[in-house]
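Summary of structural features
Each chain, written out:
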Amino acid sequence: MRATLSSRRLLLAVVAAALAAPAARAADVNEATERAMKAASAKVAPAVVKIETAGGAEVVGAGKKGPGGENGIRKGTGPTTGLVVDPDGFVVTSSFNFANKPTDIFVTVPGKPRFVAKVVATDQTRMLTLLKIDAKGLAVPEAFPKAGIDIGQWSLALGRTSDPDADHPPSMSVGIVSATNRIWGKAIQTDAKTSPVNYGGPLVALNGQVLGVIVPASNRAEGETAGVDVYDGGIGFAIPLEDVFAVVPRLKQGKDLKRGLLGINPQGTDAYNAPPVIGAVQPDSAAARAGIQVGDKILEVDGKKIPNFSTLQHVLGPKYEGDEIAIKIARGDKEQEFKGVKLVGTSTAYVSAFLGVLPMRDDAEPGVEVRYVYPKSPAEAAGIKVGDRITKLGPAAAPALSPVANRNALIAALQRMTPGTEVKIEVKRKDGGKTDTVTAKLVPAPDALPDAVPLPSSKGKAGGAAQPKPKDKEPKDPFGRADGPTDGDASAEDEPKKDEKKEEKKDDKDKPKVETGLLKRTNEALGREYWVYVPDNYDAGKSYGVIVWFHDTNEATKDGKQVSRTFRDVCEDRNFIMVGPKSGGKDGWVPSETEVVMQDVKTVLGQYTIDRTRVVAHGQGNGGQMAFYVGFNARDVFRGVGTVGAVLGTNPKDNVANQPLSFFVSGGDKDPLIKDIRESKDLLTERRFPVIYREMKESGKEYFDPPTFTDFIAWLDSLDRI
Amino acid sequence: MTLLRPPVEAGGVTAHDPNAPMTRHSTWFLAAALAAPFAAAPARAADPFNEVAEKANQKMVKVFGAGGFSRLNSYGTGIIISPDGHVLTAASQLLDTSELVVHLYDGQRLKAQVLAVEPELDVAIIKIRVEGKKIEEPTGLNLDYFDFAAAAKRPPAETGDWVLALTNTFEIALRDEPLSLQRGVVMARTKLAGRRGVFEFPYTGDVYVVDAITNNPGAAGGALLTRKGELIGVVGREIKNSLSDTWMNYAIPVNAKVDIKEVVKTKDKDGKEKDEEKVTTVTMPDFVALGMQGKYKNVTRPKTVLGEGGYHGIVFVPNILDRTPAYVEDVVPGSPAAKAGLRPDDLVSFIDGEPVASINVFQTWLKKNTRPGQVVRIEVRRGEALQTIEMTLGVPPKAATPTPAPMPK
């Protein structure tokens with residue numbers, strides 16, 4: 001029995017009262033529980049406040065009205081909920097509620113007039129925001145002891161959104177605690193309905209103590225809107241109130257709290273079974289400062305055994321910047337303990353290491369044939385030439401080099417290294433077939449494009465001989481004429497038809513049995529349409545990149561025919577497939593559509609030979625903002641985001657080693673949003689993402705001009721740079 | 001979008017095992033508590049969900065009608081409200097057919113016909129037809145039914161009340177299969193959130209918001225019951241809350257009431273024409289009582305024409321963004337705003353309790369809801385505090401003299 005005496009008494013009293021009144025009636029456990037729930041809500045209700053905002057973006061992000069209409073992702077703007085955590089006017093709530101950066105925040109405490117509120121600070125790892133109002137003597141709820149939270153116990157999610165009157169009981173949704181220590185040890189999980197209706201409100205136990213503060217959360221993404229897409233989905237989260245109370249004093253100082261990072265990367269990709277051996281140490285990171293080295297095996301953190309990287313993530317998950325930990329490692333046959341390792345924030349974000357080559361794709365032979373060598377790159381300095389084959393690679397200090405199986409293996413090997421690492425590379429020369437070993441010092445991936453990317457880019461040997469035979473014929477133009485990117489008029493040609501294509505194929509046995517051309521598809525389950533463009537010269541022996549096009553609110557950009565016509569040559573020559581999902585609402589994209597879009601994208605990924613290193617989200621205006629959002633929230637799929645005239649809606653997330661993301665950001669110098677677009681670029685650069693930025697002269701809200709389009713193609717075709 | 005939500009929440013918990021949904025210690029508390037006054041009486045529900053559901057299921061029908069294309073489903077749910085076969089259901093596109101069919105609890109398949117529809121309440125009454133009998137004639141069915149008049153007289157449910165929903169969600173129940181039972185609580189009794197008219201939804205009265213995912217395809221017209229099986233509401237359709245951009249799960253209460261306001265021209269005793277507000281009230285009990293007799297007459301809702309609204313004399317900062325906050329740039333001397341003491345740099349934050357997110361919201365609200373002479377309560381942010389100001393709206397200045405721009409000082 002961990003609950004306090006007083007709460008036990010309260011419950012007894014409630015139940016006794018419930019039963020005593022209609023003394024003649026049979027004992028009704030349902031009624032008693034129902035009453036206990038209402039009593040628990042009533043106990044916390046005085047601390048549950050309503051939050052309203054004014055100003056800020058109607059949409060998350062820019063929200064400014066330009067000639068192209070709304071730019072940004074819509075967000076609900078209704079009232080939200082908060083919880084008093086200090087009698088002197090401190091209220092904690094979910095950061096989600098401020099994703100649209102309101103100019104004014106008002107808080108209504110039950111029984112009191114409205115107050116003007118100020119944001120004190122934000123906890124960026126738990127996504128909580130502390131507000132201050134000018135009030136004293138507020139009711140503060142009791143925290144349910146964190147260690148005593150049992151899976152299966154009742155949990156009530158309270159909110160202040162549904163009923164405009166804050167003196168009424170808060171809205172209530174009933175569930176149970178589904179799990180504890182979720183989201184890297186930071187959250188309680190519940191099946192009570194959690195949504196923007198009660199984010200920021202308390203999750204309450206049956207005894208009237210507060211389990212936690214309700215937040216949207218996801219174990220796959222970070223940021224204030226992560227996890228909103230599964231609202232009301234039976235998977236809700238709350239940050240334990242005990243943890244919230246613990247962090248309030250730090251937030252009161254007005255400094256945002258960031259997640260604490262150690263700054264290492266695993267050696268292998270197996271986070272579950274392999275022992276946690278360090279594959280890379282970020283320069284100037286907590287680990288580097290402490291003297292932790294590549295090859296060290298982590299044994300314990302703060303006295304807790306660390307059998308694999310997954311456990312390490314769980315242990316470090318709840319830590320903040322500035323927190324100190326103790327790490328025990330094994331180096332060779334010696335054990336060593338580092339005490340007081342001070343975790344750092346995001347300043348040492350992951351930076352990709354770069355050798356300076358483009359690989360030949362879809363190559364069946366072992367090793368990697370060099371398709372292009374970047375000027376002034378480490379590869380050029382080492383004397384690597386186009387046509388050479390990289391066969392082995394390893395750190396210069398290593399006793400032996402490891403064989404390089406293929407392109408993906410080489411990419412993975414470099415992802416585990418940091419800039420500054422000296423590597424030895426064994427190359428088989430194109431001329432003469434001689435084998436040389438060269439040395440190169442890796443550098444950070446530059447924000448530069450290859451000058452001219454040579455073709456072909458593929459050996460056409462993906463998947464081996466079982467694949468359908470490639471065609472010899474020249475692809476025919478599915479659109480009648482090919483146009484440049486700035487072409488604006490959409491001629492009224494026939495709608496693409498699936499059936500015609502199929503019939504056509506019956507007569508042509510040489511053609512692979514896959515659908516090509518501009519295809520109209522319907523997501524059966526949801527009844528939503530999207531289009532796919534597969535170049536007519538599609539060859540299953542080659543792997544294709546995918547460009548997912550997010551249209552703007554502007555009608556013209558929704559036309560699959562026009563968009564794929566623009567990209568026809570790119571798709572045919574450089575092996576890309578395009579996918580064009582459509583937004584559900586007239587006013588543009590909403591973040592919750594990510595899931596639907598990903599269903600469409602994943603369907604396409606499953607149907608064709610896909611090069612996972614070249615899957616990009618591309619969009620203009622509101623669609624560009626959606627591209628940013630989807631890129632960050634479907635990190636497992638996207639490797640690049642290319643935007644025109646779009647602003648980053650939320651703060652960018654950190655770069656991670658095995659899910660790299662590159663950006664191509666552009667805007668017209670006459671676009672009223674250009675300042676915000678520049679700012680978006682700066683934010684990405686700050687997080688050390690590779691960013692190509694192009695500002696188009698004499699351009700407002702138009703699509704790419706020809707030189708920028710050429711650069712965009714070079715960017716698309718160099719996403720698998722090594 | 002429906003797939004983003006779980007298709008159906010697991011059915012209700014049977015109360016035969018009272019320990020099932022509880023934690024160890026809460027069970028212990030309850031057991032201890034119960035043991036005290038009732039010496040060793042086992043804790044069990046007086047009204048187990050399964051018994052309640054069994055009885056209620058016999059008073060429900062599955063409705064089949066128009067639809068089946070796009071995202072409009074051709075199936076729904078209905079509540080039997082007379083032994084003769086009157087059925088209360090949602091006023092959906094389903095009813096736009098001459099081939100309306102219902103399935104009774106026992107699997108009987110019968111034709112039905114629409115008797116009355118009230119879009120203001122978003123409900124309709126249909127009557128089951130028996131072969132060879134006219135619609136006005138008694139069917140002789142003698143069905144189990146919910147006594148609607150009695151249900152409407154009970155006090156409304158409160159936040160936190162346990163409720164059960166019976167619906168043919170996703171058309172899972174076929175022929176004689178019982179409907180799907182869901183358990184939840186009343187989250188709140190409140191207005192649908194489309195308070196600023198973003199919703200294109202006819203019903204504007206109170207709803208029960210429930211915390212079970214009740215509003216799925218086919219569920220509209222289902223029954224919301226107390227845990228004792230008393231009818232408290234009609235499950236609504238699938239709609240999205242425009243304020244929080246989330247799907248709503250709601251039911252229209254059995255005692256729903258909607259006031260329809262209309263401005264009519266009347267003449268005062270001096271024969272001068274004046275505007276008067278006329279309020280017509282539409283209630284669910286009236287609709288059901290008259291609708292069953294075929295005597296219900298629809299109230300036609302007047303087209304909402306935005307009037308001028310009352311005049312205030314506030315000059316706002318330039319309204320360049322959709323969400324430009326309602327900052328006061330200046331007030332017209334001698335105007336209602338000046339008299340009320342509004343000042344430059346005040347931020348108009350609430351009007352009659354409604355949040356003013358932007359200048360646009362303020363202007364629209366004023367046009368929709370006010371007339372000259374009306375007193376409005378404005379809360380302005382002045383510095384770091386909110387001040388409440390009462391302002392008596394005036395008559396808009398004549399068109400010839402538009403709101404004068406403030407003179408440069």
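Look above for the structure.
In this text the structure is predicted, and so the values were computed from the model without any measurement.

1. Notes on the overall build of chain B
Within chain B, the secondary structure is distributed over six helices and 22 strands. Put simply, chain B has 409 residues, and 44% of those count as buried. Sequence separation of at least 24 residues holds for 62% of the intrachain contacts in chain B that already meet a minimum separation of 6.

2. Examining the nonpolar core
With 145 residues, the main nonpolar core has V91, V107 and V215 of chain A together with V87 and V210 of chain B as its most contacted residues. Not counting residues up to four positions away in its chain, the partners in contact with V215 of chain A are S94, F96, R126, M127, L128, Y199, F237, A238 and I239 of chain A. In terms of nonpolar packing, the next biggest core, distinct from the first, is built from 63 residues, L518, M578, W589 and A634 of chain A among them.

3. A word on the pairing of strand 33 (residues 544-550) of chain A
Residue and element names in this part refer to chain A. Counted residue by residue, strand 33 has seven buried out of seven residues, so it is predominantly covered. The two faces of strand 33 match: Y544, V546, V548 and F550 on one face and G545, I547 and W549 on the other face are all buried. As paired strands, strand 33 and strand 34 (residues 576-581) are joined by four bridges and run parallel to one another. Note on strand 34: the bridge partner recorded for V546 is I577.

4. Re the sheet that holds strand 19 (residues 347-351) of chain B
All names here are of chain B. Ordered in space as 20-19-21-22, the four strands form an open sheet in which the pairing is antiparallel. Looking at the sheet topology across the chains shown, the edges are occupied by strand 20 (354-355) and strand 22 (385-392). Relative to strand 21 (residues 375-382), strand 19 runs antiparallel, the two sharing four bridges. Looking across to strand 21, one finds that I351 is bridged to I378.

5. Describing the sheet that holds strand 37 (residues 662-668) of chain A
Residue and element names in this part refer to chain A. Read from one edge to the other, the open sheet built from eight strands follows the order 31-32-34-33-35-36-37-38, with strand pairing classed as mixed. Edge positions in the open sheet fall to strand 31 (517-523) and strand 38 (691-696), since each of these has one partner strand only. In this sheet, neighbouring strand axes are inclined to one another by 15° on average, regardless of whether the strands run parallel or antiparallel. Strands strand 31, strand 32 (528-534), strand 33, strand 34 and strand 35 (610-620) of the sheet are contacted by helix 12 (residues 594-607), whose axis makes an angle of about 150° with strand 34. With respect to the sheet, helix 14 (residues 674-686) is in contact with strand 37 and strand 38, its orientation differing from that of strand 37 by roughly 165°.

Rules used in this analysis
Residues numbered from 1 in each chain as written. Chains lettered and ligands numbered in written order. Predicted model: local features only at pLDDT ≥ 70, side-chain atom pairs only at ≥ 80, totals over all residues. Helix = DSSP H or I, 4+ residues; strand = E, 2+ residues; numbered from the N terminus. Buried ≥ 20, exposed ≤ 12 C-beta atoms within 10 Å, placed from the backbone. Contact = placed C-beta atoms within 7 Å. Core = buried A, V, L, I, M, F, W, Y, C linked by C-beta atoms within 7 Å. Pairing = 2+ DSSP bridges. Axes fitted to C-alpha atoms, helices over the stretch in contact; angles between N-to-C directions.

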